[in-house]
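Each chain, letter by letter, is given below.
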Amino acid sequence: MSTPDPTALTEPRSLRLSIPSIEFELSCGARLIVSPRAKAAVTSLVVSIEGGARLDPIGREGTAQLAGSLAVEGTERHSESELAAILEPLGGSLVGDASGLSGSAAAVGTPESPDANWRTLLDLAAEVLVRPTYPIERFERRKSIALERLRVDEADPRVQVGRLFNTLVYGTGTGGTSGIGRPRRGTFESVSGIEREDLVRWHAETWVASRTIIGICGDLDPEAVRDHLESALAGWRTGVAAPPIDDRFPPRTTRIATFRAEREQVQLLAGHLGIRRLDPRYAACVVMDHVLGTGPGFTDRISKRLRDEEGLAYSVSATTAASAGRVEGVFQASIATSPDKVAAALAGFVEEMERIRTEPVTPDELHLVKQYLSGSFAMGFEKTSRRASQVVTAARLGLPEGHLDQLLDDLMAVDAEAVLACARDVLDPRALSVAVAGPLDEGTVRAHLDAARAGLAE
Amino acid sequence: MTIEPNHQSNGDGRTSPASDPSSRSRTQGDRPAAAPTSGAAESGPPETASSGSSSAGSGPRGSCATGSRTAVSDPAASDAADHASRDPDTPWSETLERGGCRVAETTLASGMRLIVGERHTDPIVAVLVFYGVGSVHEPAEIAGVSHFLEHMMFKGTKTVGKGEVDRLTALLGGQNNAFTGKDHTGYWFEFASDRWTQALAIEADRMANLALDPVEFEAEREVVLEELAMGLDDPWRAISQDVETLACGDHPYGRPIIGTKESVEAITREAMYAHYRSAYAPSNATVVVCGDVERDDVLAQVATAFADAARDVEPLPTPEPFESALVAPPDVTLAGTSPAAEPAAEPALRSGPVAHRVRRTWPDEGHRLCIVWPGARCGDVDDFALDFVQTILTTGRNATMTRALVVDGDLCTYVSTANDARAHGGLFWLFAQGSNAAGEAQLEASIEAQILRLAEDGPTAAEMERAMGILVSGDAFESEGVSDVAEQLGGFALDADWRIALDGGERHRAITADQVRDVCRRLLPFSRAAVGWSLPAEEGASASEAVDTAIGAALDAGDDAGVEAIEEGGFDDDASDDRESNDPVTS
């Protein structure tokens, strides 16, 4: 019988990830990125419109989300049921949200028109982008559904803990802070105040070509896609650029918020502001994350300790890089655990944060993470939806051509000193904010946090 | 089993929940097919299986059932067909193809089944090992032992220590995961194609040498109990477990895969070891390898890796045939017969009160309805007909029930159905979140009206055509990743026949409108359903006993209403769009 052979695993081999793409600027001003993938069974579309929920008017949070989701419910040419009738038999869908549109269709054409499906998908997406009608009856129905769901969410600890945490870290959009911490779906009160005219206005002002990046991946001829969209989007208003992102955030210091709910477990998020994607420490941060709290598997310190050794939770993790975007993301440690284990969980988070800030990661840890990152780099990109999303996000972030190769090289160049420096800069257990939802009160949480940090050097 | 493609929009375009009853690890488990989740998990696929250990990555996608399936329900008949088509000069069965993946099967001398899918699009290989053991094989007093054992399979062997599976997987740049279901348990690896064979070494080792260290055993019990507590905080899981228990009675299908607090606490190392020794042997294993491989090489590698693993084991006890506690079993559709040719006796379609009701309260404003009917065995003709029912009723915005109740109506904010076919008999699920404007009776009546329309008139040609298009195109989405294909092959292999994962379109094309009508008549009257409501605390306490009467009245009035899909998730999904990198290393 075979047994695992670690000596067979010492040869590093990275899977370079190639996502070919061709970018065009359409006459209307939108950017188009086509990523051809031969023999792909699915065509996937991602449309990113600059702005989104961060531009929601104060007190009208949820406007961008409602405007996006309702855009697919009727155009000047097709009612929402007609749109569905065309798309659904293709296995197709078009979904709108605060950030724009996404869609897909099976790449199954007819012998006479083998590429009919992607053309249909693009035609309908273009209609939705340019000429949605926001029928009043559709607006009323969708708003009603949104409100009912928000009412249910008001008592859901898993929803509320996230909202609390975002507010702690990013602020509320008032008092000199940006609106990024506000809930994309809004609140019951804010959505209650949104009217159809708000959505029509929102679409007219923000869904414009100059703010738009269109990514599509499938078995496609890029020029044919460009030509098709040039026609389908003809006449779309170019508009003006979105206002710059407001990145005024509250200072990084400890804040605690709790949502009382009688449940079996406590949902806990602890963290603070993190880094941007273009931060030069990003690669070191990725490596640090994998040693500290994002795996792979249960190889990271926090999973190993809090789950495997102490049995505190089924689900526990900590990450910084995953939310690094155009603005600072968050360092976020999360756990769902029984109330009597919260003290141990917080102690574990704090101690492991401090350890990685003060002691170099071991050669074995560094080796394992690099092996994992290089070997798994290309995984997950079999699907066209992932590829379309990746090319659009890279464009939004302003990542240069060849950035994936560069990232892999950067990751492989990270050493223990770089991780230590990154951890010292980026992590600060003394500034942890903590959001808790469940059967605990704020005083108890504060006491647990104070106890966890008692041993930290000044 | 389920059919609703993962990508399909339900109502407002939100991804429909997949509905595989045996799903991957690392996500909370034990939720029935297609159940929405609350809160943070609300945008994700529901997971029925629970699991624990895992390694890098997200694991194979949950649905092993979205593909097509066939009417192969008689194992003897299936074997005969297999042997008849097999070339005597090759160990392989006939080759079938799906999504560019060429698949064939063979059986090793040890009894281990091997299914290989060759697809060279990407330099990636998925390796799954399935064991024919799940919660259905467990004694009630140690319910959850299969799932707990699955956790322990990552806790060390006599050869390698605790955590080594994850460490080796990471060093190889791979990903792993595991899942436990009602009928089977699966272990998954995904590796680059130059190193995939190490997965076999890991599996062969832990198939024979599991350590079950006492300290690790107790530590992991705590993890399982936390996982169980997590499930107890999920209102959908709670109500769906209620109705599943009602529907299944004493049959082990009615027990949660994860077990109960009492049963998990009662599991001893000795009991787990006995369970392991009886189930984890080549003769009870199916290995599936899909991706950038050559099948003869795979056969040689598997034969070598598991060369010393063969041993005699007492076969697992065959589970009792599933006979729902709700009603006598319906007329069973036998393999090779057609219910259209031999119509069953006319059941009463609206036959008074439902078989069983259950109510619970939950401390929020949600009006959650869960209905379950005894359904079809995986691979039976009824299984495929119920796929059509599910698609016609709730897949996509133009699905009839979704359209009537959600998109155009005002009775609920979400509705889904799931054909949860299992190896020994299945369930058909319906989940709806009622709106505040709708009474319970009104919503139930509207749901029944939709089903009655199919049972009385049958689906229209347009409805059949639409459903067929969705089912066929769903194959494209379900075959994008080699892990998806491998999981479907293994799941169907254990529950019915692996070929079901490959010739989907043909299997579904054989279903007629009359068969859909017939299956609704026989299987989906409310009189053979269990109905559960989870209500806000103050309403649940005073819930009316007169619901059935009111339903009848509403039906008479031709009431019709609707439901719409859930659209957002929990805390991870509610932040600014400006915080995402979508890099390979973080997504």
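Residues numbered from 1 in each chain as written. Chains lettered and ligands numbered in written order. Predicted model: local features only at pLDDT ≥ 70, side-chain atom pairs only at ≥ 80, totals over all residues. Heavy atoms only, no water.

Going by what an unreviewed UniProt entry lists, chain B is known as Insulinase (Peptidase family M16) and is assigned to Rohdeia mirabilis. According to the UniProt record, the Cofactor (unreviewed entry) comment for chain B is "Zn(2+)". (UniProt positions renumbered as here; feature names shortened; annotations may be inferred.)

The name given to chain A in an unreviewed UniProt entry is Peptidase M16 inactive domain protein, with Rohdeia mirabilis as the source organism.

For the rest of this paragraph, the subject is the overall build of chain B. Along chain B, the regular secondary structure elements total 18 helices and 12 strands. With 587 residues in all, chain B has 70% of them scored as buried. A fraction of 82% describes how many contacts in chain B between residues 6 or more apart in sequence connect residues 24 or more apart. Surface exposure of chain B reaches about 16400 Å², of which carbon and sulfur atoms provide 51%. (Helix = DSSP H or I, 4+ residues; strand = E, 2+ residues; numbered from the N terminus. Buried < 20%, exposed > 50% of the residue type's maximum accessible area, 1.4 Å probe, protein only. Contact = heavy atoms within 4.5 Å. Areas by Shrake-Rupley, 256 points an atom, 1.4 Å probe, with all protein chains shown as cover.)

Looking now at the overall build of chain A. Each helix and strand counted, chain A has 16 helices and 11 strands in total. Each of the 458 residues in chain A was classed as buried or not, and the buried ones make up 63%. For chain A, the proportion of contacts with a sequence separation of at least 24, taken over those separated by at least 6, is 82%. Here chain A has roughly 16100 Å² of accessible surface; of this, 51% comes from carbon and sulfur atoms.

On to the sheet that holds strand 3 (residues 42-49) of chain A. All names here are of chain A. Across the sheet, which stays open at both edges, the 6 strands sit in the order 1-2-6-3-5-4 with mixed pairing between neighbours. Edge positions in the open sheet fall to strand 1 (22-25) and strand 4 (93-97), since each of these has one partner strand only. Averaged over all pairs of adjacent strands, the angle between strand axes in this sheet comes to 15°, irrespective of strand direction. Across 6 bridges, strand 3 lies against strand 6 (residues 212-218) in antiparallel orientation. Bridging across to strand 6, Leu 45 finds its partner in Ile 216. Contacting strand 1, strand 2 (31-36) and strand 6, helix 8 (residues 222-232) crosses the sheet at an angle of about 145° to strand 2. (Pairing = 2+ DSSP bridges. Axes fitted to C-alpha atoms, helices over the stretch in contact; angles between N-to-C directions.)

Residues and elements named next belong to chain A. By the criterion of burial, helix 10 (residues 301-309) is predominantly enclosed, with 7 of the 9 residues buried. N-capping of helix 10 is provided by Asp 300, with a side-chain oxygen placed 3.3 Å from the backbone N of Ile 302. One or two positions beyond helix 10, positive phi appears at Gly 311, with a value near 60°. (Polar contact = N/O pair within 3.5 Å; in protein donor to acceptor, adjacent residues only side chain to side chain.)

On to the side chain of Arg211(A), then. Residue and element names in this part refer to chain A. Position of Arg 211 relative to the elements: it lies in the loop between helix 7 (196-206) and strand 6. Buried and without a salt bridge, Arg 211 has Glu 205 as its closest oppositely charged side chain, separated by 7.3 Å. Aside from chain neighbours lying at most four places away, what touches Arg 211 is Ser 48, Ile 49, Glu 50, Leu 55, Glu 205, Thr 206, Val 240, Ala 241, Ala 242 and Pro 243. (Lys, Arg positive; Asp, Glu negative; His and termini not counted. Salt bridge = Lys/Arg side-chain N within 4 Å of Asp/Glu carboxyl O.)

Here Leu121(A) is to be found in helix 3 (residues 116-130). The contact partners of Leu121(A), leaving out residues within four places of it in the chain, are Thr43(A), Leu45(A), Leu87(A), Ser93(A), Leu94(A), Gly103(A), Ser104(A) and Ala105(A).

The next thing to look at is the sheet that holds strand 7 (residues 256-260) of chain A. Residues and elements named next belong to chain A. Taken in spatial order, the 5 strands make up an open sheet running 7-11-8-10-9, and their pairing is mixed. Strands with a single pairing partner mark the edges of an open sheet, and in this sheet they are strand 7 and strand 9 (316-319). The sheet shows a mean angle of 10° between the axes of neighbouring strands, direction not considered. Relative to strand 10 (residues 330-337), strand 9 is paired through 4 bridges, and the arrangement is antiparallel. When the sheet's bridge partners are listed, Ser 317 is paired in strand 10 with Ser 334.

Let's shift gears to the nonpolar core. Counting residues in each nonpolar core, the largest one holds 73 residues, and the members touching the most others are Leu268(A), Ile335(A), Leu427(A) and Val434(A). Ranked by residue count, the leading element in this core is helix 9 (residues 282-292) of chain A, at 9 residues. Per-domain counts for this core show at least three residues from each of domain 1 (22-232) and domain 2 (256-453) of chain A. If we ignore the near neighbours within four places in the chain, the residues touching Val434(A) are Leu168(A), Arg255(A), Ile256(A), Ala257(A), Leu268(A), Leu269(A), Ala270(A), Leu346(A), Val445(A) and Leu449(A). Of all hydrophobic cores here, the second largest spans 70 residues; its members include Ile124(B), Val381(B), Ile500(B) and Val519(B). (Core = buried A, V, L, I, M, F, W, Y, C linked by side-chain atoms within 4.5 Å. Domains from an automatic or database assignment.)

A few words now on helix 5 (residues 157-170) of chain A. Between the first and last C-alpha of helix 5 of chain A there are 20 Å, a value that for 14 residues agrees with the 20 Å anticipated at 1.5 Å per step. The buried count for helix 5 of chain A comes to 12 of 14 residues, which makes it a mostly enclosed element. Listed in full, the buried residues belonging to helix 5 of chain A are Pro157(A), Arg158(A), Val159(A), Gln160(A), Val161(A), Gly162(A), Arg163(A), Phe165(A), Asn166(A), Leu168(A), Val169(A) and Tyr170(A). Here the buried face of helix 5 of chain A lies against helix 4 (136-153), strand 7, strand 8 (266-273), strand 10 and strand 11 (433-438) of chain A together with helix 6 (235-248) of chain B. The distance from a side-chain oxygen at the start of helix 5 of chain A to the backbone nitrogen of Arg158(A) is 2.9 Å, and the residue carrying that oxygen is Asp156(A). Once helix 5 of chain A finishes, Gly171(A) follows within two positions and takes phi at roughly 90°, a positive value. (Expected span 1.5 Å × (residues − 1).)

Relative orientation and spacing of two packed helices are given, respectively, by the angle between their axes and the distance between those axes. Residue and element names in this part refer to chain A. Where helix 3 meets helix 8, the closest approach of the two axes is 10 Å, and the angle between their N-to-C directions is 35°. As for how helix 3 packs across helix 8, the hand of that crossing is right-handed. For the pair helix 3 and helix 8, the contacting residues are Trp 118, Arg 119, Leu 122, Asp 123 and Ala 126 in the first and Ala 224, Val 225, His 228, Leu 229 and Ala 232 in the second. Class assignment for the residues of the contact of helix 3 with helix 8 results in 7 nonpolar, 1 polar and 2 charged. (Left-handed = near helix turned anticlockwise from the far one by under 90°. Nonpolar A, V, L, I, M, F, W, Y, C, P; charged D, E, K, R; others polar.)

Attention now goes to the pairing of strand 2 (residues 101-107) of chain B. Each regular strand displays side chains that alternate between the two surfaces of the sheet. Residue and element names in this part refer to chain B. The buried fraction of strand 2 is high, at 5 of 7 residues. Both strand 1 (residues 96-98) and strand 2 contribute to a ladder of 3 bridges, which runs antiparallel. Residue pairing in the sheet places Arg 98 in a bridge with Cys 101 of strand 2. Hairpin connection of strand 1 to strand 2: 2 residues between the antiparallel strands, including Gly 99 at a positive phi of 55°. Inspection of the sheet shows strand 2 paired to strand 3 (residues 113-118) by 6 bridges, in the antiparallel sense. Each residue of the ladder has a partner; that of Ala 104, found in strand 3, is Val 116. As consecutive antiparallel partners, strand 2 and strand 3 are separated by 5 residues, and within that stretch Gly 111 has a phi angle of approximately 95°, a positive value.

So, on to the packing of helix 9 of chain A against helix 14 (residues 403-413) of chain A. Residues and elements named next belong to chain A. Across the interface, helix 9 lies against helix 14 with an axial gap of 8 Å and an inter-helix angle of 60°. Here helix 9 lies oblique to helix 14, going by the angle between them. In this structure, the crossing between helix 9 and helix 14 has a hand that is right-handed. On helix 14, the residues that touch Tyr 282, Ala 283, Val 286 and Val 287 of helix 9 are Leu 407, Asp 410 and Leu 411. (Parallel < 35°, antiparallel > 145°, perpendicular 65-115°, else oblique.)

Attention now moves to the environment of Glu448(B). You can see Glu448(B) is positioned in helix 12 (residues 440-457). C-alpha separation for the pair Glu448(B) and Pro525(B), spaced 77 residues apart in sequence, amounts to 7.9 Å.

All names here are of chain B. According to the stated counting rule, one finds 64 salt bridges over all chains in the structure shown. Between Asp 194 and Arg 195 there is a salt bridge; the shortest N-O distance is 2.8 Å. Its relative accessible area of 44% is what places Asp 194 among the partly exposed residues. Assessed through its relative accessible area of 10%, Arg 195 is described here as buried.

This part takes up the side chain of Ser435(B). Residue placement: Ser435(B) occurs in the loop between strand 11 (427-434) and helix 12. For Ser435(B), a relative accessible area of 1% corresponds to the buried category. A distance of 2.8 Å separates the side chain of Ser435(B) from the backbone oxygen of Asp410(B), its partner in a polar contact. Ignoring anything within four residues of it in the chain, the contact list for Ser435(B) reads Glu148(A), Asp410(B), Leu411(B) and Cys412(B).

Geometrically, a pair of aromatic rings is defined through the distance of the ring centres and the angle of the planes. For the structure on display, the rule yields 15 aromatic pairs over all chains. Relative to Tyr280(B), the ring of Tyr131(B) lies with its centre 4.0 Å away and its plane at 25°, an arrangement referred to as stacked. Of the two residues, Tyr131(B) is situated in strand 4 (residues 124-131) and Tyr280(B) in the loop between helix 8 (269-279) and strand 7 (285-291); the sequence distance between them amounts to 149 residues. By relative accessible area, Tyr280(B) is classed as buried at 1%. Seen from their ring centres, Tyr276(B) and Tyr280(B) are 5.4 Å apart, and the 40° between their planes marks the pair as tilted. Of the two residues, Tyr276(B) and Tyr280(B), neither departs from the other in class, the shared state being buried. Ring pairs connect the aromatic residues Tyr131(B), Phe154(B), Tyr187(B), Tyr273(B), Tyr276(B) and Tyr280(B), which therefore count as one cluster. Above the plane of the ring of Phe188(A) lies Arg151(A), whose end atom (NZ or CZ) is 3.7 Å from the centre. Between Arg277(A) and the ring centre of Tyr282(A), over which it is positioned, the NZ or CZ distance is 4.0 Å. (Phe/Tyr/Trp six-rings, centres within 6.5 Å; stacked < 30°, edge-to-face > 60°. Lys NZ or Arg CZ within 6 Å of the ring centre and 35° of its normal.)

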